[in-house]
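# Chains, contacts and geometry: an overview
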Amino acid sequence: MYGVLEKIVRHPERVTLEEVAWVMSNDELNEELFALADEIRQKYLGKQVYLRGIIEFSNYCRNDCLYCGIRASNKNVKRYRMSVDEIVERAKLIAEMGIKTVVLQSGEDPYYTTEMVGEMILRIKRLNVAITLSIGERDFEEYEYWKNLGADRYLMRHETADEELYKKLHPNDSFQIRKSHLIKLKQLGYETGAGSMVGLPGQNDVALAKDVLFVYELDADMVGIGPFIPHPDTPLRDSKVGDLTKVLKLIALTRLFLPDANIPATTALGTIHPFGRQLALKCGANVIMPNFTPSPYRSHYTLYPNKICIFEKDTACGECTKNIVRSVGYEVSEDFGYRRKDHERSPCRV
Ligand code: SAH
């Protein structure tokens, strides 16, 4: 098995589920894996790190995902919705700080109609930024309508590529449905973000290997990977936190399979370890997402407990994330940060 990392780099299409699971379950190759992922990231993307300013504009959600703190049946959440004007104001602030991507995230909240989201897109695009939508599963017609108005990217993690586990965690949804949405988004020309949590109850190394092979097959343009963090107001309250090393390994493996994809050092990783994001940037990640959700809303977007940056001045994350990037020897990019696609390596396979 010792040639497996080289095989992933040279012939990713030939790598088996068992081989990826083997890497996940054995720690002998960790140092080599992390160093190789960093080398590949530097070869394809240099030292540049992209910043994405995120606005979590509503914590209402019609879904009941077992892991999530803002699930519909959690009655302990103070729910909020930002108006379109408030959202656009925040986007202005992001643009003024020289950050070239605005991520609009929320629970699945049908209050925001097709037209309202369309208005956000039109007004924010005037600020000369790229827009990422992260608002969950909507109608295919809406995806198309928003794409035509100028939305650039869509972020919808696949959460886990293990079909059985997906079913257990998501009442009224299935992995096949999720996959069909992701494929549709790709077909419409969105830069499409998938990704998963690590350490979900019942998730073994084979399940984690499925996550890597799935984002490779999809040819995901972005892959967000973070630890699962149990929330006290959810049915998974007694589960364990995802393991830092496993998260870093999944990030590094994803970098080997998708050398040119955009991979964030996630906030959840920064939550379970004081240097979680720095470590991720050193083993394959090339994106960081400063939080621009205004106070007092920010403290109510509680996907998981102890989320970092809650008590900061509500624009402080911009500078803080830039410092994180520089502290590990990388550079803050002033680019829009579209995927620098290496077409020969990257055909969609599903
Ligand atoms: N409604 C949008 C946004 C979901 S929230 C959508 O469906 O895409 C963003 C991400 O937070 C989720 O995709 C999930 O991977 C992550 N998340 C939710 N609960 C979490 C928890 N308890 N621990 C870690 N990450 C969590």
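Everything numeric here is computed off the predicted structure, so don't read it as measured data.

## Some details on the overall build of the protein
Secondary structure assignment for the protein yields 13 helices and nine strands. Relative to the 2.2 N^0.38 estimate, which gives 20 Å for 350 residues, the radius of gyration of the protein is 19 Å and therefore close to what a compact globule would have. On the principal axes, the C-alpha backbone points of the protein span a range of 55 × 40 × 40 Å. With 350 residues in all, the protein has 59% of them scored as buried.

## A look at the site of the ligand
Close to the ligand lie 18 residues, the nearest being Tyr67, Ser106, Arg157, Glu159 and Ile229. At a separation of 2.9 Å, an oxygen atom of the ligand approaches a polar side-chain atom of Arg157. A distance of 2.8 Å is found between a nitrogen atom of the ligand and a backbone nitrogen or oxygen belonging to Ile229. Protein contact buries 92% of the 560 Å² of open area that the ligand shows by itself.

## Overview of the sheet that holds strand E6 (residues 191-198)
The six strands are arranged E2-E3-E4-E5-E6-E7 in an open sheet whose pairing can be described as parallel. Only two strands of the sheet have a single partner each, and these edge strands are strand E2 (53-58) and strand E7 (222-227). Ignoring strand direction, the axes of neighbouring strands in this sheet form an average angle of 20°.

## Structural notes on the packing of aromatic side chains
For the structure on display, the rule yields 10 aromatic pairs. An angle of 85° between the planes, with centres 5.7 Å apart, marks the rings of Tyr154 and Tyr190 as edge-to-face. You can see Tyr154 sitting in strand E5 (residues 153-155) and its partner Tyr190 sitting in the loop between helix H8 (175-187) and E6, a full 36 residues away along the chain. When its relative accessible area of 0% is taken as the criterion, Tyr154 is described as buried. Overall, Tyr190 belongs to the buried group, its relative accessible area being 2%. An aromatic cluster of at least three residues, connected via ring pairs, comprises Phe140, Tyr143, Tyr154 and Tyr190. Above the face of the Tyr60 ring, Arg81 is positioned so that its terminal group lies 3.7 Å from the ring centre. The aromatic ring of Tyr338 is capped on one face by Arg153, whose charged end is 4.7 Å from the ring centroid.

## Concerning the state of the cysteines
All told, the structure shown has zero disulfides when counted by the stated rule. Of all cysteine sulfurs in the structure, the one in Cys65 sits closest to Cys61, which takes part in no disulfide; the separation is 6.2 Å. Given a relative accessible area of 18%, Cys61 falls into the buried group.

## Notes on the side chain of Ser134
Here Ser134 is to be found in strand E4 (residues 130-134). Of note is the side chain of Ser134, whose polar atom sits 3.0 Å from the side chain of Gln105. Of note is the side chain of Ser134, whose polar atom sits 3.3 Å from the backbone oxygen of Leu155. The contacts of Ser134, once residues within four sequence positions are left out, are Val103, Leu104, Gln105, Ser106 and Leu155.

## Some words on the sheet that holds strand E1 (residues 48-51)
The strand order across the open sheet formed by three strands is E8-E1-E9, and the pairing between neighbours is parallel. The open sheet has two edge strands with one neighbour each: strand E8 (287-288) and strand E9 (331-332). Sheet topology places E1 next to E9; two bridges connect them, and they run parallel. Counterpart to Val49 in the pairing with E9 is Val332. Taken strand by strand, helix H13 (residues 316-327) contacts E1, E8 and E9, and its axis lies near 165° from that of E1.

## Brief notes about the side chain of Asp211
Its location among the elements puts Asp211 in helix H9 (residues 205-218). There is no salt bridge for the buried Asp211, and the closest opposite charge comes from Lys210, which lies 8.9 Å off by N-O distance. Polar contacts involving the side chain of Asp211 include one to the main-chain amide nitrogen of Ala161, which spans 2.7 Å.

## Considering the pairing of strand E3 (residues 101-106)
Extensive coverage of E3 is indicated by the burial of six of its six residues. Burial along E3 is two-sided: Thr101, Val103 and Gln105 facing one way and Val102, Leu104 and Ser106 facing the other are all buried. Pairing between E2 and E3: five bridges, direction parallel. Note on E3: the bridge partner recorded for Gly53 is Val102. In this view, the connection linking E2 to its parallel neighbour E3 by way of helix H4 (residues 84-96) has right-handed handedness. The sheet contact formed by E3 and E4 spans five bridges and is parallel.

## Observations concerning the nonpolar core
Residues Leu104, Ile124, Leu133 and Trp146 are the most contacted members of the largest nonpolar core, which totals 101 residues. If you tally residues by element for this core, the top one is helix H10 (residues 244-257), at nine residues. Those residues in contact with Trp146, other than ones at most four positions away along the chain, are Thr114, Val117, Gly118, Ile121, Leu133, Ile135, Arg138, Ala151, Tyr154 and Tyr190. With seven residues, the next largest nonpolar core counts Ile54, Leu155, Val287 and Met289 among its residues.

Cut-offs used in this document
Residues numbered from 1 in each chain as written. Predicted model: local features only at pLDDT ≥ 70, side-chain atom pairs only at ≥ 80, totals over all residues. Heavy atoms only, no water. Helix = DSSP H or I, 4+ residues; strand = E, 2+ residues; numbered from the N terminus. Rg over C-alpha atoms; globule rule 2.2 N^0.38 Å. Buried < 20%, exposed > 50% of the residue type's maximum accessible area, 1.4 Å probe, protein only. Near = heavy atom within 4 Å. Polar contact = N/O pair within 3.5 Å; in protein donor to acceptor, adjacent residues only side chain to side chain. Areas by Shrake-Rupley, 256 points an atom, 1.4 Å probe, with all protein chains shown as cover. Pairing = 2+ DSSP bridges. Axes fitted to C-alpha atoms, helices over the stretch in contact; angles between N-to-C directions. Phe/Tyr/Trp six-rings, centres within 6.5 Å; stacked < 30°, edge-to-face > 60°. Lys NZ or Arg CZ within 6 Å of the ring centre and 35° of its normal. Disulfide = S-S within 2.5 Å. Contact = heavy atoms within 4.5 Å. Lys, Arg positive; Asp, Glu negative; His and termini not counted. Salt bridge = Lys/Arg side-chain N within 4 Å of Asp/Glu carboxyl O. Right-handed = clockwise from strand over helix to strand, strands pointing away. Core = buried A, V, L, I, M, F, W, Y, C linked by side-chain atoms within 4.5 Å.

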